[in-house]
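Here is how the chains run, residue by residue.
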Amino acid sequence: MGEGFRPIESPLNQAMFAMALGIALIVASIIYKAKYNWSWPGLSVTSIPIVIFNIIFLYAFFAFSAYTIVSNGNMPDIKNTDILLLIQESWGVILQAFNHPALTPWFLGGAGIMVFNTLSSLNLVCSNKDEFEAQCNVS
């Protein structure tokens, strides 16, 4: 990997820093929502299938990216492979790719995007202020 300046060199420390930021954002969100008396609008019929799709897509994205990075594009033969064996093998490749300090932020960024999409599908976050205000019980 190319050399560059990274304030946090260890992939594990990068992931822990991202989790700390995520927790701080969650706490700030909870405080903000409580301040404005936000109420959860509930789930729609399509919420759970979209969440499942997001998780599958995130895993597939990570797996394809990891195979490209780690094994120089040598993808497994997915036609003749047991799906559980394929998932187990690809998890090891994902972890191997994640352990490159220069690539960890890209994986964390992809995970962040998918977490936001998942939370949005569950109506736990809003994309804009008007949507948020519509969910608040103003007294």
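A brief structural summary. (Residues numbered from 1 in each chain as written. Predicted model: local features only at pLDDT ≥ 70, side-chain atom pairs only at ≥ 80, totals over all residues. Heavy atoms only, no water.)

## What about the overall build of the chain?
Helix and strand counts for the chain stand at five helices and zero strands. Across the chain, helices and strands are ordered from the amino to the carboxyl terminus as α-α-α-α-α. In the chain, which comprises 139 residues, the proportion classed as buried is 25%. Taking contacts inside the chain between residues at least 6 apart in sequence as the whole, the part at least 24 apart equals 75%. Carbon and sulfur atoms make up 70% of the accessible area of the chain, which amounts to about 9700 Å² in all. (Helix = DSSP H or I, 4+ residues; strand = E, 2+ residues; numbered from the N terminus. Buried < 20%, exposed > 50% of the residue type's maximum accessible area, 1.4 Å probe, protein only. Contact = heavy atoms within 4.5 Å. Areas by Shrake-Rupley, 256 points an atom, 1.4 Å probe, with all protein chains shown as cover.)

## Considering unusual backbone geometry
Residue N37 is not a glycine yet carries a positive backbone phi of 55°. Even without being glycine, N123 reaches a positive phi, approximately 60°. If you trace the backbone, N123 turns up in the loop between α4 (104-121) and α5 (129-134).

## Topic: the side chain of S121
If you trace the backbone, S121 turns up in helix α4. According to the relative accessible area criterion, S121 is buried, its value standing at 14%. If we ignore the near neighbours within four places in the chain, the residues touching S121 are S47, I50, V51 and N54.

## Considering helix α2 (residues 47-70)
The end-to-end C-alpha distance of α2 is 34 Å, a good match for the 34 Å that 24 residues give at a rise of 1.5 Å each. S47, V51, N54, L58, F62, A63, A66 and Y67 are the residues of α2 that are buried. On its buried face, α2 is in contact with α3 (83-98) and α4. (Expected span 1.5 Å × (residues − 1).)

## Digging into a nonpolar patch on the surface
A contiguous nonpolar patch, built from W40, L43, I48, I52, I56 and L124 and spanning about 560 Å² of accessible area, is present on the exposed surface. Relative to the helices and strands, W40 resides in the loop between α1 (11-35) and α2. (Patch = residues over 30% accessible without salt bridge, like charges linked within 9 Å, V, L, I, M, F, W, Y side chains within 5 Å. Salt bridge = Lys/Arg side-chain N within 4 Å of Asp/Glu carboxyl O.)

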